[in-house]
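# Commentary on secondary and tertiary structure
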Amino acid sequence: MTDTPDETEADMTGVEPRRTPKPAVDRIGGRKLRPSTLMMGHGFDPALSEGSLKPPIFLTSTFVFPDAASGKRHFEGVTGKRPGGAEGLVYSRFNGPNQEILEDRLGIWEEAEDALAFSSGMSAIATLFLSMVRPGDTIVHSGPLYAATETLIARVLGKFGIHWLDFPAGATREEIDAVLQKASSGRVALIYLESPANPTNALVDVEAVAASRDAIFAGAAEKPPIAIDNTFLGPLWHQPLKHGADLVVYSLTKYAGGHSDLVAGGVLGSKAHIDVIRSMRNTIGTICDPNTAWMLLRSLETLELRMSRAGENAAKVCAYLRDHDKVEHVGYLGFLAEGPDGDDAEEDAPATHANARRQADIYRRHCSGGGSTFSLYLKGGEAEAFRFLDALRIAKLAVSLGGTETLASHPAGMTHLSVPDARRQALGITDNLVRISIGVEDADDLIADMEQALAAV
Ligand SMILES: Cc1ncc(COP(=O)(O)O)c(C=O)c1O
């Protein structure tokens, strides 16, 4: 946003520079301040908004230039006629004060060079794809992906001559190598990952993907960037930029928004990649609105509190559920911390056991927590799952996740109803599966709710 005007430059050029906020306090002495501290004020200077402690919501479609020369200077920066890019704000399809503060704060959690805010998770993903692909390119992705992302790649981009190849989310280095090798006969626009995968919870080995990409494209003129949907575990429990990803994608609708009252998206990563995506966003206008950005700023102040509490609650609820005699299995990532021997390993076939071992290894290298969204497989089928869902009294029957309140849904009958039977079985989306996203309520109250709902099954 704004700053004390640079008198020297103004004197020299006759152009009044656009204003930016006073320098952020991100260190005290030798101490680097933590994201949870920076969420309260980073990127906003109250002195520029009548002393307002919180940023006002800037409802404007356009921004006034101080003089004609400043306007010209701005557009010289936009068009690249002057190096250094454009400073300041010009039009609200490109950016606004609330969105800029949000972007500054979003980047902090993962020490990203730059960040962009979008009107939804899907508009973030679509803008990312559109900014990278050309006809004839291939997108290599992990599978499964969130259903709308799969539709976007296969059905929408497919119509414009974009191809795709995938590897399973839990793939080994050799399996990833084989798919990238095959794809590298043409131009690979992007390697796109989702970890944990929706709805299987399978983790992707981001380090192995990065090593494979670096090896296979070692002599190539350009290396495809690695982007990853980090909605389920980020930014608290999984930080893929540290494991070799170039870009991280979010549905901010989930944990970042955190109150089930907004829809938004984000992309973070290196400045060079973000600039390309920003240019596409400027063109098609997929930025989030100022009101949503303001709501997200409020949400980010409590992000760590909410995610920590939800994560602790989920660990307690899952520990209770896995010993219950009406429960067949609990697919909760936190159990991976115990290793493959912790959960049902004795009865597993060798291939399943090897896979469980690999998942535990990925978890230990990449994740610092198991999240608060998990799969509950009840003994029985649809009837048992429905009786459980209908008996819940605190948890609400709704899709989505990452809110303050606990939600439960039936993927086979709801979100994945249109998925063909064979694929649904392969993904483990059986009739006895209930997906649960744990909120920040009291853990013992949630356990009491689960207990009485299981009694009704
Ligand atoms: C993993 C994942 N990615 C992306 C999205 C899409 O986000 P949005 O609904 O904000 O467009 C979702 C939505 O559920 C999701 O679960």
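The notes below deal with the structure included here. Small disclaimer: the values here were computed from a predicted structure and weren't measured.

Before going further, it helps to spend a moment on the packing of aromatic side chains. Scanning all chains against the criterion turns up 6 aromatic pairs. Ring geometry for W237 versus Y255: centroids 5.9 Å apart, planes at 90 degrees, classification edge-to-face. Taken together, the residues span a long stretch of sequence, with W237 in the loop between β7 (226-229) and β8 (247-251) and Y255 in the loop between β8 and β9 (265-269) at a distance of 18 residues. Across the pair, exposure class does not vary: W237 and Y255 are buried alike. Cluster of aromatic residues (ring-pair linked, three or more members): Y332, F335 and F374. The ring of F335 is capped by R322, whose NZ or CZ atom sits 3.8 Å from the centre of that ring.

Our focus in this paragraph is the pattern of salt bridges. What the rule picks out here adds up to 20 salt bridges. Ionic pairing is found between E103 and R281, a salt bridge with its closest N-O pair at 2.8 Å. Highlighted residues: E103 in helix α4 (residues 97-108) and R281 in helix α9 (residues 271-284), separated in sequence by 178 residues. Residue classification places E103 among the buried residues on the basis of a relative accessible area of 6%. R213 is the salt-bridge partner of D246, the closest N and O atoms lying 3.2 Å from each other. Of this pair, D246 sits in the loop between β7 and β8 while R213 sits in helix α8 (residues 206-216), and the two are 33 residues apart along the sequence.

Our next topic: the environment of V419. The residue V419 is located in the loop between β13 (407-409) and α14 (421-426) in this model. For V419, a relative accessible area of 16% puts it in the buried group. Along the primary structure V419 and A147 are separated by 272 residues, whereas in three dimensions their C-alpha atoms are 9.1 Å apart.

It is worth spelling out the nonpolar core at this point. A general tendency of soluble globular proteins is for nonpolar side chains to be buried together. In terms of nonpolar packing, the biggest core is built from 63 residues, with L102, F167, L193, L203, V209 and L300 touching the most fellow members. Apart from residues lying up to four places away in sequence, L193 is in contact with S142, L145, F167, V204, V206, V209, I226, A227, I228 and D229. Counting 26 residues, the second-largest nonpolar core is a separate cluster that includes A314, V327, Y332 and A391.

Pairing geometry for strand β4 (residues 138-143) and strand β5 (residues 163-168), over 6 bridges, is parallel. Paired with H141 across the two strands is D166, which belongs to β5. Handedness of the crossover is the feature at issue here: the chain leaves β4, passes through helix α6 (residues 147-156), returns alongside β5, and the resulting connection is right-handed.

Moving on, we get to the site of the ligand. Taken together, S120, G121, M122, Y146, N198, D229, T231, F232, S251, T253, K254 and A264 make up the full set of residues adjacent to the ligand. Separating an oxygen atom of the ligand from a side-chain N or O atom of S251 is a distance of 2.8 Å. T253 is positioned such that a nitrogen or oxygen atom in its side chain is 2.6 Å from an oxygen atom of the ligand. Coverage of the ligand by the protein chains reaches 89% of its 390 Å² of free accessible surface. Classifying every residue of the shell around the ligand by side-chain character gives 4 nonpolar, 6 polar and 2 charged.

Parameters at a glance
- Residues numbered from 1 in each chain as written.
- Predicted model: local features only at pLDDT ≥ 70, side-chain atom pairs only at ≥ 80, totals over all residues.
- Heavy atoms only, no water.
- Phe/Tyr/Trp six-rings, centres within 6.5 Å; stacked < 30°, edge-to-face > 60°.
- Helix = DSSP H or I, 4+ residues; strand = E, 2+ residues; numbered from the N terminus.
- Buried < 20%, exposed > 50% of the residue type's maximum accessible area, 1.4 Å probe, protein only.
- Lys NZ or Arg CZ within 6 Å of the ring centre and 35° of its normal.
- Salt bridge = Lys/Arg side-chain N within 4 Å of Asp/Glu carboxyl O.
- Core = buried A, V, L, I, M, F, W, Y, C linked by side-chain atoms within 4.5 Å.
- Contact = heavy atoms within 4.5 Å.
- Pairing = 2+ DSSP bridges.
- Right-handed = clockwise from strand over helix to strand, strands pointing away.
- Near = heavy atom within 4 Å.
- Polar contact = N/O pair within 3.5 Å; in protein donor to acceptor, adjacent residues only side chain to side chain.
- Areas by Shrake-Rupley, 256 points an atom, 1.4 Å probe, with all protein chains shown as cover.
- Nonpolar A, V, L, I, M, F, W, Y, C, P; charged D, E, K, R; others polar.

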